[in-house]
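Results of the structural survey
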Amino acid sequence: MDIIISNSSMQPIYEQIVLQIKAKIMNGELKEETMLPSVRALAKEIKVSALTVKKAYDALEEEGFVVTVHGKGSFITLANQALMLEEKKKEVEADLEMAIRKGRSCGMGDEDLTQLFQIVLEDERW
């Protein structure tokens with residue numbers, strides 16, 4: 001599994017694993033019922049502690065992205081597609097908040113920001 005760990009990142013390693021697996025689920029690279037590598041196998045592959053991978057898998061399971069069957073392994077579950085959609089909405093919200101902060105830092109008010117948003121929205125051909 002292609003997971004790239006950045007040791008220089010301020011983000012904990014287990015969170016890097018979680019985010020990359022979620023991204024692979026959301027973009028369709030990991031499909032429902034796909035078995036994830038064992039904790040030990042992934043730990044060896046990406047050269048991190050098995051405890052770190054276990055923590056990542058536990059977090060994914062807690063969030064509804066993975067189900068673990070004792071003795072069989074961890075599998076992708078799409079039972080909670082609403083959760084994945086909510087994750088994407090949170091990302092969009094964070095991007096919009098950052099854009100608003102940037103606009104405000106250069107003196108743009110609500111009306112200016114709203115007009116700019118409408119212009120950008122109209123210019124895009126979805």
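Report follows, based on the coordinates.

Let's shift gears to the nonpolar core. Of all hydrophobic cores here, the largest spans 21 residues; its most connected members are Ile17, Ile21, Ile46 and Val53. Looking at this core, the elements with two or more residues in it are α1 (13-26), α2 (39-46) and α3 (50-62). Broken down by element, this core gets its largest block of residues, 5 residues, from α3. In this view, Val53 contacts Ile17, Val39, Leu42, Ala43, Ile46 and Val48; residues no more than four positions away in its chain are not counted.

Next up on the list: a nonpolar patch on the surface. Together, Val92, Leu96, Phe117 and Leu121 line one region of the surface with nonpolar side chains, adding up to about 350 Å² of accessible area. Elements represented by at least two residues in the nonpolar patch include exactly α4 (81-105) and α5 (110-123). A relative accessible area of 42% places Phe117 in the partly exposed class.

Our next topic: unusual backbone geometry. Glycine aside, residues mostly have negative phi angles, and peptide bonds mostly take the trans form. Here the phi dihedral of Glu33 falls at roughly 75 degrees; this positive angle occurs in a residue that is not glycine. Under the relative-accessibility criterion, Glu33 is labelled exposed at 62%. Its identity is not glycine, yet Lys47 carries a phi of approximately 60 degrees, on the positive side. Positionally, Lys47 belongs in the loop between α2 and α3. Given a relative accessible area of 73%, Lys47 falls into the exposed group.

What follows concerns the pairing of strand β2 (residues 73-76). Only one face of β2 is buried, namely the one carrying Ser74 and Ile76, since none of Gly73 and Phe75 on the opposite face is buried. Two elements, strand β1 (residues 66-69) and β2, share 4 bridges in a ladder whose sense is antiparallel. Note on β2: the bridge partner recorded for Val66 is Ile76.

This brings us to the packing of α2 against α3. Their axes nearest at 8 Å, the elements α2 and α3 cross at an angle of 120 degrees. As judged from the angle between their axes, α2 and α3 are oblique. In this structure, α2 crosses over α3, and the sense of that crossing is right-handed. Here α2 contributes Val39, Leu42, Ala43 and Ile46 to the contact with α3, which in turn contributes Ala50, Val53, Lys54 and Tyr57. A breakdown of the residues in the contact of α2 with α3 according to their chemical character gives 7 nonpolar, no polar and 1 charged.

Along the chain, the position of Lys22 falls in helix α1. The exposure class of Lys22 is buried, given its relative accessible area of 6%. The contacts of Lys22, once residues within four sequence positions are left out, are Leu60, Glu63, Phe65 and Glu87.

Two aromatic rings are characterised by how far apart their centres lie and by the angle between their planes. Counting across every chain of the model gives 0 aromatic pairs. Residue placement shows Lys55 over the ring face of Tyr14; its charged tip is 4.3 Å from the ring centre.

Definitions and limits used
Residues numbered from 1 in each chain as written. Predicted model: local features only at pLDDT ≥ 70, side-chain atom pairs only at ≥ 80, totals over all residues. Heavy atoms only, no water. Core = buried A, V, L, I, M, F, W, Y, C linked by side-chain atoms within 4.5 Å. Buried < 20%, exposed > 50% of the residue type's maximum accessible area, 1.4 Å probe, protein only. Helix = DSSP H or I, 4+ residues; strand = E, 2+ residues; numbered from the N terminus. Contact = heavy atoms within 4.5 Å. Patch = residues over 30% accessible without salt bridge, like charges linked within 9 Å, V, L, I, M, F, W, Y side chains within 5 Å. Areas by Shrake-Rupley, 256 points an atom, 1.4 Å probe, with all protein chains shown as cover. Salt bridge = Lys/Arg side-chain N within 4 Å of Asp/Glu carboxyl O. Pairing = 2+ DSSP bridges. Axes fitted to C-alpha atoms, helices over the stretch in contact; angles between N-to-C directions. Parallel < 35°, antiparallel > 145°, perpendicular 65-115°, else oblique. Left-handed = near helix turned anticlockwise from the far one by under 90°. Nonpolar A, V, L, I, M, F, W, Y, C, P; charged D, E, K, R; others polar. Phe/Tyr/Trp six-rings, centres within 6.5 Å; stacked < 30°, edge-to-face > 60°. Lys NZ or Arg CZ within 6 Å of the ring centre and 35° of its normal.

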